[in-house]
Amino acid sequence: MQCQECGKRPATLHFTKIVNGEKTEFHICEACAREKGELIPGTSGGFSIHNLLSGLMEFHPGFPGQSAQTKPSEPLRCEECGLTYAQFSKIGRFGCSSCYKYFNNRLDPLFKRVHGNTVHVGKVPKRVGAHIQAERKIEDLRRELQDKIVQEEFEEAAAIRDQIRELEKKLSAESN
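Residues numbered from 1 in each chain as written. Predicted model: local features only at pLDDT ≥ 70, side-chain atom pairs only at ≥ 80, totals over all residues. Heavy atoms only, no water.

**Digging into the overall build of the protein**
Okay, step 1: Helices and strands together make up the secondary structure of the protein, namely 7 helices and 2 strands.
Okay, step 2: The order of helices and strands in the protein, counted from the N terminus, is β-β-α-α-α-α-α-α-α.
Okay, step 3: By residue count, 23% of the 176 residues in the protein fall in the buried class. (Helix = DSSP H or I, 4+ residues; strand = E, 2+ residues; numbered from the N terminus. Buried < 20%, exposed > 50% of the residue type's maximum accessible area, 1.4 Å probe, protein only.)

**Concerning the packing of helix 6 (residues 130-150) against helix 7 (residues 154-175)**
Okay, step 1: For the pair helix 6 and helix 7, interaxial distance at closest approach is 9 Å and the crossing angle is 160°. Considering the angle they form, helix 6 stands roughly antiparallel to helix 7. Helix 7 is crossed by helix 6, and the crossing has left-handed handedness. On helix 7, the residues touching His131, Ala134, Glu135, Lys137, Ile138, Leu141, Arg142, Glu144, Leu145, Lys148 and Ile149 of helix 6 are Phe154, Glu156, Ala157, Ile160, Arg161, Gln163, Ile164, Leu167, Glu168, Leu171 and Glu174.
Okay, step 2: In terms of residue class, the contact of helix 6 with helix 7 is made up of 11 nonpolar, 2 polar and 9 charged. (Axes fitted to C-alpha atoms, helices over the stretch in contact; angles between N-to-C directions. Parallel < 35°, antiparallel > 145°, perpendicular 65-115°, else oblique. Left-handed = near helix turned anticlockwise from the far one by under 90°. Contact = heavy atoms within 4.5 Å. Nonpolar A, V, L, I, M, F, W, Y, C, P; charged D, E, K, R; others polar.)

**Thoughts on the UniProt feature "domain: UVR" (unreviewed entry) in the protein**
Okay, step 1: Look at the UniProt record and you will see "domain: UVR" (unreviewed entry) annotated at residues 135-170.
Okay, step 2: Annotated as residues 135-170, this span is 92% helix and 0% strand, and its ends, taken at the C-alpha atoms, are 11 Å apart. (UniProt positions renumbered as here; feature names shortened; annotations may be inferred.)

**Some thoughts on the side chain of serine 98**
Okay, step 1: The topology assignment puts serine 98 in the loop between helix 3 (85-91) and helix 4 (99-102).
Okay, step 2: Not counting the four nearest positions on each side in its chain, serine 98 is found in contact with Cys78 and Glu80.

**Points about the confidence of the model for the protein**
Okay, step 1: In this model, the protein carries a mean pLDDT of 76, and residues with pLDDT of at least 70 account for 77%.
Okay, step 2: The least confident element of the protein, judged by mean pLDDT, is helix 2 (residues 49-56) at 53; the most confident is helix 7 at 91.
Okay, step 3: Below a pLDDT of 50 lies the segment residues 40-46, which in the model reaches 11 contacts outside its immediate sequence neighbourhood of four places, other chains included.
Okay, step 4: Across residues 59-72 the pLDDT falls below 50, and counting only partners more than four positions away or on other chains, this stretch makes 14 contacts in the model. (pLDDT = per-residue confidence, 0-100.)

**Comments concerning the UniProt feature "coiled-coil region" (unreviewed entry) in the protein**
Okay, step 1: In the numbering used here, UniProt assigns the feature "coiled-coil region" (unreviewed entry) to residues 131-170.
Okay, step 2: Segment residues 131-170 splits into 92% helix and 0% strand. End C-alpha atoms: 9 Å apart.

**Quick word on the pattern of salt bridges**
Okay, step 1: The final tally for this structure, using the stated rule, is 6 salt bridges.
Okay, step 2: Its salt-bridge partner being glutamate 25, residue lysine 23 comes within 3.5 Å of it at the nearest N-O pair.
Okay, step 3: Taking the shortest distance from any N to any O, the salt bridge between lysine 148 and glutamate 156 comes out at 2.9 Å.
Okay, step 4: Linked through salt bridges whose partners overlap, the residues forming this network are Lys148, Glu153 and Glu156. (Salt bridge = Lys/Arg side-chain N within 4 Å of Asp/Glu carboxyl O.)

**Description of helix 5 (residues 104-115)**
Okay, step 1: With 12 residues, helix 5 should cover 16 Å at 1.5 Å per step; its first-to-last C-alpha distance of 16 Å lies within 8% of that length.
Okay, step 2: Residues of helix 5 that are buried include every one of Arg106, Leu107, Pro109 and Leu110, and no others.
Okay, step 3: Trailing helix 5 by a residue or two, glycine 116 shows a phi angle of about 85°, which is positive. (Expected span 1.5 Å × (residues − 1).)

**Concerning the pairing of strand 1 (residues 13-19)**
Okay, step 1: Bridge count for strand 1 against strand 2 (residues 22-28) is 7 bridges, and the pairing is antiparallel. Bridging from a neighbouring strand, leucine 13 pairs with isoleucine 28 of strand 2.
Okay, step 2: The turn linking strand 1 back onto strand 2 is made up of 2 residues, and asparagine 20 within it adopts a positive phi angle of 50°. (Pairing = 2+ DSSP bridges.)

Written out as structure tokens, the structure reads:
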């Protein structure tokens, strides 16, 4: 496969970018990667995941992570280590564990952009995860219950309420 940038050399780096379920692949050679500032593992400088992440945090007009309330003259700063959000966006890593708290309002949009969600919804092992699966089922039923109430489908809402109560009884019996 030839490099998509120069078309002269074989592509040795292959990147896959997935944004909102849309997959884009990039195939470039080492020389073009160096020109663009991408470094290859095992070479001088190495590839930095922090640079990759900081690129995802670039400030774009209308980026949801940007707060209209934050004035440019007042940079967002961690009170524990003194790291500013601008510094974090350049280096791609926090200075301390408190940075999560101070930059929290900007992290959720970033996580959503990178991972597609802000809540982990991974798999749960069946033999040890029955309790967790029951809790998730209850959460799903509660959302469904709220929808039925809003739609004024009270008979169906009552049936869902009963299902929730039954599951909650089973959970409390298991934990006792």
